[in-house]
Amino acid sequence: MSDAPATTILLIEDEDGLREALAIVLRRAGYGVHESASCADGLRAIDRHNFHLVVTDLSMETGLAGMDVLRHVRRYSPDTEVIVMTAFGTIENAVECMRLGAFHYITKPINSEELEVMVARSIEHRTLVSENRNLAQRVRGAYRFENIIGTAPAMLRLFEQVTRVASLDSTVLIYGETGTGKELITHAIHNRSNRASGPFVAINCGALPETLLESELFGYVRGAFTGANTNKKGLFEEADGGSFFLDEISSAPLSIQVKLLRVIEEKETRRVGDTRSTRVDVRLIAASNRDLQAEVAAGRFREDLFYRLNVLSLRIPPLRERREDIPLLAQHFLQKYAARFERPMRSIDPAAMKILMGHGYPGNVREIENIVERAVALGDGESLRVADLPHEISGQDGASAPPAVSGGTLEDAERGFILEAVKQCQGNLARAAKELGIGRTTLWRRLKRYGVSVPSGQESEEQ
Ligand SMILES: Nc1ncnc2c1ncn2[C@@H]1O[C@H](COP(=O)(O)OP(=O)(O)OP(=O)(O)O)[C@@H](O)[C@H]1O
Ligand SMILES: [Mg+2]
C-alpha cells in the first residue's frame, strides 16, 4: 500500500448499494477506501493492510458479523479504530461493541455528514493515541539521563559534560535560572562520580541567617556561644568522603565566603569555637542562579572564591531556550502525578499541549511540573484538557488579559489562583482546598503566608 493515500479506511458492508454510496462519500472526503462485501473478506484485508480505520456493518446476512471484525482488529491491529454501523433496534449489540473497544457506532439509515464527522474524529483519536504512546515510550526509554528529561541539543551537550565532569573530582559550578534542574544535575554528578557510595550533603546558603549558616557548615564546640550545649559536627565533616552541594552560593555572606575559601584551600574545617581543624575530603558542587562574575564586579562575591569554584562550570539552559523538550516534560510529569494521585489521566489533549508549548515559563521546569501536577490533581478525565490548565496560561475562563504568569512571578500567579479559589468557595477552605487539589494544611499555610486571615473555626486541625 505504498502508493495509497495517507489515511486508509476499510469499509465492510454486504449491501452493495449502501457500501458503494458510503465509499463515494469517504473517497470524496479524501480517504483511501478499501471495500469488502463480507466479513471474511474484510478479515483477510485487515491481515494484509494496516488500516487507520475500519467501518463495519454489525449484522450481515451470512457467517461472521461486525463483532468478529472488532475482535479481530483488537487482537491483530490494535492501533486501528473501528466504527460499527447498526440497524436501529440493535443498540445492545452496539453497546457490546463499545465494550470491545469500538470507537463509535452509527445507526442506519446512515447520514453521510454524521459519518464523515465520526470518521474524522476517530482518525484524530487514533493519531492522538499513537502520538501519546510515542511520547510515553520516549519518556520511558532513551531520552532520559538519570531522571532528567532532555532532548534539546543543549541538554544532550550538558549530559555529556556531566558525564565527563563527574569523574574528575574537581569543584563544579552550575549556573541556571530558578527551576532549571540545578539540583537534579548535582545529584547526577554525584551519582556518576567515584564518590557515589559516599555521602551527598546539601545546604542552601540563602536560606539561613549568617550565624546559623556558619554553625551548620562548620559545626561548633560546646560553649562556643550561648545555646551551644554540645559539640556539633559541621556539614563539611558530614560530607567527608562524598560530595557537598552549596546551593545559592551567591547568597553566602562575605564572612562565610572567607571561611569557605579556607576549607577549599586547606582541605580542613574548623568548628566554631574550636582551636583544632579536621581534615576533610569533600568534593564541592556549587550552584547559582545569578551571574557570579557580575556579583564579583559588584563587590558582593569574593573574586578568589569565584576562581576556586569556577574550575569547571556548567550552564543549564532555561526552558524557553529548549521548547522542544516541553512535550516530553509535560508527559513525564503527567505520568508521575497520575501515578501518585492514582488518576486515569494518560495523555495530553492537542489543544492543551499547544497552550503548554506556547507558554513562557519564567519558572522553568518547576513551573511546567506545577502546572501539570495541578491539572492532574484537578482533572478527572483520561486526558489533560485546556480546562484543566490554569486560566492564566490558557487565557480561558473569560480572562482576555495577557497571561499573568509571564509578567509576575510564579508565586504571584499561584497566589492569585489560590485567592480566587477561596473567593469562589466563599471562604470555605475545605472546599477551596478540594477544588485546588491541595491539602487543607497547605492551603492554610499559603493563606497565612499571603497575610490573609483565616476565618475562625477553619484553622486546619491537622496542624
Ligand atoms: N530536565 C528535567 N527533567 C525532569 N525533571 C526536571 C528537569 N529539570 C527540573 N526538573 C524538576 O523540576 C523541579 C525543579 O528542579 P531543581 O530543584 O533541580 O531546580 P533548581 O535549578 O535547583 O531550582 P532553584 O534555583 O529554584 O533551586 C524538580 O522537581 C525537578 O525534579
Ligand atoms: Mg535548587
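One can find the structure itself at the top, above this paragraph.
Predicted model, so just to flag it, every value in this text is computed and none were measured.

Thresholds, definitions, all that
Residues take numbers from 1 onward in each chain, read along the sequence in its written order. Naming scheme: in the order in which they are written, chains are lettered from A and ligands are numbered from 1. Where totals are concerned, whole chains, interfaces and linings use all residues; where local detail is concerned, this predicted model gives features only for residues with pLDDT of at least 70, and gives and counts side-chain atom pairs only at 80 or more. Hydrogen atoms and water are omitted, and side-chain values are computed over all heavy atoms in the structure. The helix count covers DSSP runs of H or I at least four residues long, the strand count covers runs of E at least two residues long, and both are numbered beginning at the N terminus. Whenever two N or O atoms come within 3.5 Å, that pair is a polar contact, provided that in protein one can donate a hydrogen and the other can accept it, and provided that, for residues adjacent in sequence, both atoms are side-chain atoms. Contact definition: two residues touch when any of their heavy atoms are within 4.5 Å. When DSSP locates at least two bridges between a pair of strands, those strands are taken to pair. Here, axes are lines fitted to C-alpha atoms. For helices the fit covers the stretch in contact, and angles between N-to-C directions go from 0 to 180 degrees. Side-chain rings of Phe, Tyr and Trp, where Trp is taken by its six-membered ring, are said to pair if the distance between their centres is within 6.5 Å; with planes under 30 degrees apart they count as stacked, over 60 as edge-to-face, and otherwise as tilted. Summary of the burial criterion: residues with accessible area below 20% of their type's maximum are buried, those above 50% are exposed, and those between are partly exposed, where the area comes from a 1.4 Å probe applied to protein chains only.

**Digging into the side chain of Thr180**
- With respect to the element layout, Thr180 can be found in the loop between β8 (172–175) and α7 (182–191).
- Looking at Thr180, its side chain comes within polar contact range of the main-chain oxygen of Glu177, at 2.7 Å.
- Beyond its immediate stretch of four places on either side in the chain, Thr180 contacts Ile316, Pro317, Pro318, Arg322, Asn364 and Val365.

**Quick word on the sheet that holds strand β2 (residues 32–36)**
- A sheet is described by the order of its strands in space; here five strands give the open sequence β2-β1-β3-β4-β5, paired in parallel fashion. Whereas interior strands pair on both sides, the edge strands pair on one side only; in this sheet they are β2 and β5 (104–108). Taken over all neighbouring pairs, the strand axes of this sheet differ in orientation by 20° on average, direction set aside.
- Strand contacts of helix α3 (residues 66–76): β1 (8–12), β3 (53–57) and β4 (81–87), with the helix running at about 160° to β3, the strand carrying the most contacts.

**Some points on the packing of aromatic side chains**
- Here the structure, examined in full by the defined rule, presents six aromatic pairs.
- Ring centres 5.8 Å apart and planes at 15° place the aromatic pair Phe218 and Phe236 in the stacked group. Of this pair, Phe218 sits in helix α8 (residues 210–218) while Phe236 is found in helix α9 (residues 235–238), placing the two residues 18 residues apart along the sequence.
- Classification of Phe236 by relative accessible area gives buried; the value is 1%.
- Seen in terms of ring centroids, Tyr220 and Phe225 are 5.0 Å apart; in terms of plane orientation they differ by 65°. Their pairing is edge-to-face.
- Using a relative accessible area of 14% as the deciding quantity, one classes Tyr220 as buried.
- By relative accessible area, which is 36% here, Phe225 ends up partly exposed.
- Three or more aromatic residues joined by ring pairs form one cluster here, namely Phe218, Phe236 and Phe244.

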